[in-house]
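Residue strings, one per chain:
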Amino acid sequence: MIPALTTASKIFSRLENNGSYLHLAVKDGANSAGMTAGSYITGDSLEGKDRFIDEVGAGLIWIGGVPIFNKVIDNTLFKAFKFDPKVDVRNLKNADILQKAKSYASDSAKSSIEKVAANQSKFKALNTAKFIGAAGLTVAAYFGLTVWRHKYTEENTKKKILFENRKKQTEQNNSHFFTGQPSFEAFYSGKSPLNPTLQGGPKTTAFTGMGIQQII
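These figures come from a predicted structure and were not determined experimentally.

A closer look at helix H3 (residues 45-81)
For H3, with 37 residues, the first-to-last C-alpha span of 50 Å sits near the 54 Å given by 1.5 Å per residue. Bending of H3 peaks at approximately 50 degrees at the position of Gly64, with proline Pro67 no more than four residues after it. Phi turns positive, to about 60 degrees, at Lys82, one or two residues after H3.

Some remarks on the side chain of Lys102
Relative to the helices and strands, Lys102 is located in helix H4 (residues 95-104). As a buried residue without a salt bridge, Lys102 has its nearest oppositely charged side chain in Glu114, at a separation of 5.4 Å. Setting aside residues no more than four positions away along its own chain, Lys102 makes contact with Lys110, Ile113, Glu114 and Ala117.

Side note on the environment of Thr138
Assignment of secondary structure puts Thr138 in helix H6 (residues 120-179). Dropping the residues within four chain positions of it, Thr138 is found in contact with Ile61, Trp62, Gly65, Val66 and Phe69. A distance of 2.7 Å separates a polar atom in the side chain of Thr138 from the backbone oxygen of Ala134.

Brief notes about the nonpolar core
Among the nonpolar cores identified, the biggest contains 13 residues, and Phe78, Phe83, Val116 and Phe123 are the most heavily contacted of them. Of all the secondary-structure elements, those providing two or more residues to this core are H3, H4, helix H5 (107-118) and H6. What Phe78 contacts, discounting residues up to four positions off in sequence, is Ile73, Phe83, Pro85, Phe123, Leu126, Asn127 and Lys130.

A few points about the pattern of salt bridges
Close approach of charged atoms allows side chains with opposite charge to pair. Summed over the entire model, instances satisfying the criterion amount to six salt bridges. Put simply, Arg149 and Asp54 hold a salt bridge, and the shortest N to O gap is 3.9 Å. Of this pair, Arg149 sits in helix H6 while Asp54 sits in helix H3, placing them 95 residues apart in sequence. Note on Arg149: relative accessible area 8%, which makes it buried. Under the relative-accessibility criterion, Asp54 is labelled buried at 17%.

A few points about the packing of aromatic side chains
Considering all chains together, one arrives at four aromatic pairs under this definition. Centre to centre, the rings of Phe78 and Phe123 are 5.9 Å apart; their planes meet at 85 degrees, and the pair counts as edge-to-face. Pair noted here: Phe78 is in helix H3 and Phe123 is in helix H6, with a separation of 45 residues, a long-range link. Accessibility classification places Phe78 together with Phe123 in one group, the buried group. Looking at Lys115, its charged tip hangs above the ring of Phe83, at a distance of 5.6 Å from the centre. The ring of Phe78 carries Lys130 above its face, with NZ or CZ at 5.4 Å from the centroid.

Thoughts on the side chain of Lys130
Among the structural elements, Lys130 can be located in helix H6. Of the residues examined, Lys130 reaches a relative accessible area of 13% and is grouped as buried. Beyond its immediate stretch of four places on either side in the chain, Lys130 contacts Asn70, Ile73, Asp74 and Phe78.

Digging into the confidence of the model for the chain
Per-residue pLDDT for the chain averages 77, and the proportion of residues at 70 or more is 69%. Confidence drops under pLDDT 50 across residues 197-201; counting only partners more than four residues distant or on other chains, this segment forms three contacts.

Details of H4
By the burial criterion, the buried members of H4 are Leu98, Ala101 and Lys102. Looking down the long axis of H4, one finds its buried residues gathered within 100 degrees of arc, a one-sided arrangement. H4 presents Asp96, Lys100, Ser103 and Tyr104 as exposed residues on the side facing more than 90 degrees away from its buried surface. One side-chain oxygen of the residue at the start of H4 lies 2.7 Å from the amide nitrogen of Asp96, identifying that residue as Asn94.

A closer look at the packing of H4 against H5
As a packed pair, H4 and H5 sit with axes 8 Å apart at the nearest point and diverge in direction by 155 degrees. The angle between H4 and H5 falls in the class roughly antiparallel. Helix-helix and strand crossings are classified by hand; for H4 and H5 the assignment is left-handed. Every residue of H5 that contacts H4 at Leu98, Ala101 and Lys102 is listed here: Lys110, Ile113, Glu114 and Ala117. Within the contact of H4 with H5, the residues separate by chemical class into four nonpolar, no polar and three charged.

Here is what the cut-offs are and how they apply
- Residues numbered from 1 in each chain as written.
- Predicted model: local features only at pLDDT ≥ 70, side-chain atom pairs only at ≥ 80, totals over all residues.
- Heavy atoms only, no water.
- Helix = DSSP H or I, 4+ residues; strand = E, 2+ residues; numbered from the N terminus.
- Expected span 1.5 Å × (residues − 1).
- Bend = angle between axes of the 7 residues up to and from the residue.
- Buried < 20%, exposed > 50% of the residue type's maximum accessible area, 1.4 Å probe, protein only.
- Lys, Arg positive; Asp, Glu negative; His and termini not counted.
- Salt bridge = Lys/Arg side-chain N within 4 Å of Asp/Glu carboxyl O.
- Contact = heavy atoms within 4.5 Å.
- Polar contact = N/O pair within 3.5 Å; in protein donor to acceptor, adjacent residues only side chain to side chain.
- Core = buried A, V, L, I, M, F, W, Y, C linked by side-chain atoms within 4.5 Å.
- Phe/Tyr/Trp six-rings, centres within 6.5 Å; stacked < 30°, edge-to-face > 60°.
- Lys NZ or Arg CZ within 6 Å of the ring centre and 35° of its normal.
- pLDDT = per-residue confidence, 0-100.
- Arc of directions from axis to C-beta.
- Axes fitted to C-alpha atoms, helices over the stretch in contact; angles between N-to-C directions.
- Parallel < 35°, antiparallel > 145°, perpendicular 65-115°, else oblique.
- Left-handed = near helix turned anticlockwise from the far one by under 90°.
- Nonpolar A, V, L, I, M, F, W, Y, C, P; charged D, E, K, R; others polar.

Spelled out as structure tokens, the structure:
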């Protein structure tokens, strides 16, 4: 029971943390599930798939896009300039804060802070580029997802319409083949439109009688 309570308390503490992405993930997940289910119920499978791609894809991009692209920039741009991306650029705003950061840091961290302090303008420029780059790449990723989603839905809609038209045409052809030909209708109804005098009516009987009398 205690481990379960501990796990639950951790989850709730994470949900209450404004700096955590967990509460955003839970909120967006519930919203995406509801919107997708509604599209499947009120629309069709194509509308449901389109909604699913939009909701889930957008949620993943907005929640994970910036952290992922920040990591990419850290491992490329910052690494190229040999700066430690873990150094907080806000330490450079005040000389006293910078000095305290050096005094309380470990030897490896102190070396990184000293290098940043010696190249403050370059480090600030890199952080600005990191912020703009991560945000821009996230927007570009969502734009790319939207373009692909529209194209995917359009192609599947065309395929669905073509399939339904072919199915309808096949049903019409089959219906015409079995019920639209006069010879089949006459055959199944016991009538022959090609020889109406052989239907056994009164005129046929009279004609036949006259023929017999004339022959006799």
